[in-house]
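Letter by letter, the chains look like this.
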Amino acid sequence: MRFSYYLNPQTIEAEDDKRIIHEMLDHTDFAIKNGFTDVWITDHNFTGYSAFSDAIIMAGAISQRLPGVHIGFALNVVPLMHPIRFVTQMNLLDQLTNGNLTVGIGAGNSPSEFAGYGINVDDRHEIMDEFISVCEKAWFHKDGELNYSGKYYNGKIKGRIIPKSVQKPHPHIAVGTGTPERLKLTGQNGWSLLMGPREPQYLAVRMHMFQEGLNNSGLNKKSIEQAWQFTGVGRQIYVCADGEDWHDTLQSNIDHWIRISAKGDEGKYSLTKEEYDDRYDRYINGGWLYAGTADEIFDKLEPLARLGISHLMCWFDFGMLSDTQVKSSLQRFIQQVMPRLAEIKKDSKYIEELLQDNPMATKAPDALNTL
């Protein structure tokens, strides 16, 4: 297992923005200097769910601040972007990173973010499909004239996309999805799969369907290895000190996270008690937050390593944690958790048991559509 540092700190007041962004950059420097291999960046707007909002500009800054580090997006909300501009930006980032780039794309789901850009959130999947089609045309275009015409994007290029990408025919792509047909399609395309806070049995099913797609892709060994290399799962992590009760020390941070994630994810600016309690339970017990001692964190993450997940996106800076809290938690993870996780090998027997015991893997794979 290797470890990526995931960037998505929250903010409240405008006066907080600069401090939070620069603290985040310092945390990133420390993580990369102490064994983390990648930086993965997310894309959110307006609500304070992200302190920097523009993931692409942040990626450009990281590429020059930490030369040689692999940069990925988890994810770019592409229905809010223009595909030709996006291809140009990704090609430039591919040049700036010398090909150490994974372009994570997703449809998004926040009503408030779509409203801010004047786009109907219900159209997001249709827009994304057309977006990808235009991007592929642009990435394969050499020179001369390129026309693209559809429901959402229309234009004509005379010339070429400048600069060209380092990776051929385009930068590596990753997507976040959970439906059977899109899991298989992701594998067939040789893209990487990004997974969220699901229990191991659900991750096993998704990885199994992804592998089915790879098996039918006709891709060479190198492309399949690349698809698995950047396939990963994300977790919020807080490693507490000996004797610390994280339920107490993180109480205000958890409350802030629940309320601001409701804004960022669903456009909910107020929550009923029932809604709050439901989000609290899913956050604490559903796989979002892994908090505890170093031993407890290892026990929570070890099943992911046994699943063969080789890429863990670690989210340390969340819920307005203080600079000291983030640094201390990160340092304990580096010293007491990372070395032990790196030794865990893929356990084929464990995976087979999860698949056999999970009815969704054998009887009703379409049920994944509801997750």
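Conventions adopted
- Residues numbered from 1 in each chain as written.
- Predicted model: local features only at pLDDT ≥ 70, side-chain atom pairs only at ≥ 80, totals over all residues.
- Heavy atoms only, no water.
- Core = buried A, V, L, I, M, F, W, Y, C linked by side-chain atoms within 4.5 Å.
- Buried < 20%, exposed > 50% of the residue type's maximum accessible area, 1.4 Å probe, protein only.
- Helix = DSSP H or I, 4+ residues; strand = E, 2+ residues; numbered from the N terminus.
- Contact = heavy atoms within 4.5 Å.
- Phe/Tyr/Trp six-rings, centres within 6.5 Å; stacked < 30°, edge-to-face > 60°.
- Axes fitted to C-alpha atoms, helices over the stretch in contact; angles between N-to-C directions.
- Parallel < 35°, antiparallel > 145°, perpendicular 65-115°, else oblique.
- Left-handed = near helix turned anticlockwise from the far one by under 90°.
- Nonpolar A, V, L, I, M, F, W, Y, C, P; charged D, E, K, R; others polar.
- Salt bridge = Lys/Arg side-chain N within 4 Å of Asp/Glu carboxyl O.
- Patch = residues over 30% accessible without salt bridge, like charges linked within 9 Å, V, L, I, M, F, W, Y side chains within 5 Å.
- Areas by Shrake-Rupley, 256 points an atom, 1.4 Å probe, with all protein chains shown as cover.
- Lys, Arg positive; Asp, Glu negative; His and termini not counted.
- Charge placed at Lys NZ, Arg CZ, Asp CG, Glu CD.
- Arc of directions from axis to C-beta.
- Expected span 1.5 Å × (residues − 1).
- Bend = angle between axes of the 7 residues up to and from the residue.

> I'm lost on the nonpolar core in this one. Help?
Nonpolar side chains tend to gather and get buried jointly when the protein is soluble and globular. Phe36, Ile41, Leu301, Leu312 and Phe333 are the most contacted members of the largest nonpolar core, which has 110 residues in total. Of all the elements, helix 5 (residues 124–140) adds the most residues to this core, at eight residues. Non-local contacts of Leu301, meaning those with residues more than four positions away in its chain, are made with Arg235, Ile237, Tyr290, Leu312, Phe333, Val337 and Leu341.

> Quick question: what am I supposed to make of the packing of aromatic side chains here?
Any two aromatic rings considered together are summarised by their centre-to-centre distance and by the angle between their planes. Enumeration according to the criterion identifies 17 aromatic pairs in this entry. With a centroid separation of 5.3 Å and 70 degrees between ring planes, the pair formed by Phe316 and Phe333 is classed as edge-to-face. Here the residue Phe316 occupies a position in the loop between strand 12 (311–315) and helix 13 (323–336), and Phe333 occupies one in helix 13, the gap between them amounting to 17 residues. Each member of the pair, Phe316 as well as Phe333, is classed as buried.

> I'm lost on the packing of helix 1 (residues 14–33) against helix 13 in this one. Help?
The axes of two packed helices give the description: the angle between them and the distance between them. Where helix 1 meets helix 13, the axes come as close as 11 Å, and the angle between the chain directions of the two elements is 15 degrees. When the axis of helix 1 is compared with that of helix 13, the two are roughly parallel. Taken as a pair, helix 1 and helix 13 cross one another with a handedness that is right-handed. Seen from helix 1, the contacting residues are Glu23, His27, Phe30 and Ala31; seen from helix 13, they are Asp323, Val326, Lys327, Leu330, Gln331 and Ile334. Of the residues belonging to the contact of helix 1 with helix 13, the class tally is five nonpolar, two polar and three charged.

> Help me understand the pattern of salt bridges, please; the structure alone is not making it clear to me.
Side-chain pairs of opposite charge can arise whenever the charged atoms involved come near each other. Evaluation of the coordinates by the stated rule reveals 19 salt bridges. Close ionic contact of Lys221 with Glu225 constitutes a salt bridge, the shortest N to O distance being 4.0 Å. With Lys221 and Glu225 both in helix 8 (residues 221–229) and four residues apart, this pair spans about one turn of that helix. By relative accessible area, Lys221 is classed as exposed at 64%. A relative accessible area of 45% means that Glu225 is categorised as partly exposed. We note a salt bridge from Arg279 to Asp265, for which the minimum N-O separation is 3.9 Å. One end of the pair, Arg279, is in helix 11 (residues 273–285); the other, Asp265, is in helix 10 (residues 251–266), with 14 residues separating them in the sequence. For the pair shown, Arg279 and Asp265 are each scored as buried. Taken together, the shared-partner salt bridges connect Asp16, Arg19 and Glu23 into one network.

> So what exactly am I meant to see when it comes to a positive patch on the surface here?
A contiguous patch of positive charge on the surface is contributed by Lys142, Arg160, Lys164 and Lys168. For Lys164, the position within the fold is in the loop between strand 7 (154–158) and strand 8 (172–176). Judged by its relative accessible area of 55%, Lys164 is exposed.

> What exactly am I supposed to notice about the side chain of Arg332 here?
You can see Arg332 is positioned in helix 13. Of the side chains with opposite charge, Glu244 comes closest to the buried, unpaired Arg332, at an N-O distance of 4.2 Å. Once residues lying within four places of it in the same chain are set aside, the contact partners of Arg332 are Tyr238, Val239, Cys240, Ala241, Glu244 and Val337.

> Where do I start with helix 6 (residues 180–188) in this structure?
Owing to its 3.6 residues per turn, the α-helix aligns residues three or four sequence positions apart on the same side. Every buried residue of helix 6 is accounted for by Pro180, Leu183, Thr186 and Gly187. The buried side chains of helix 6 occupy one side of the element, clustering within an arc of 125 degrees when seen end-on. Residues of helix 6 that are buried sit in contact with strand 8, strand 9 (192–195) and helix 7 (200–215). Directly beyond the C-terminal end of helix 6, a positive phi value near 75 degrees is found at Gly190.

> Would you take a moment to explain the environment of Phe210 for this structure?
Along the polypeptide, Phe210 turns up in helix 7. Taking the C-alpha atoms as reference points, Phe210 and Ile21, 189 residues apart in sequence, are found 35 Å from one another. Excluding its chain neighbours within four sequence positions, the residues that come into contact with Phe210 are Leu183, Thr186, Gly187, Trp191, Ser192, Leu193, Ala227, Trp228 and Thr231.

> Sorry, what's going on with the environment of Phe86 here?
Considering the arrangement of structural elements, one finds Phe86 in helix 3 (residues 83–96). Among the residues examined, Phe86 registers a relative accessible area of 2% and is labelled buried. Sequence spacing of Phe86 and Ser322 is 236 residues, and the spatial spacing of their C-alpha atoms is 34 Å. Once you skip the residues sitting within four places of it in the chain, Phe86 turns out to touch Ile56, Asn76, Val78, Met81, Val103, Ile105, Phe131 and Cys135.

> Just to check I follow, could you spell out helix 12 (residues 294–306) for this structure?
With 13 residues, helix 12 extends 18 Å between its outermost C-alpha atoms, agreeing within 8% with the 18 Å of an ideal straight helix rising 1.5 Å per residue. Approximately 30 degrees is the largest bend angle found in helix 12, and it occurs at Lys300, with the proline Pro303 only one to four residues beyond. Along helix 12, the residues that are buried comprise Ala294, Ile297, Phe298, Leu301, Pro303, Leu304 and Ala305. Directly beyond the C-terminal end of helix 12, a positive phi value near 95 degrees is found at Gly308.

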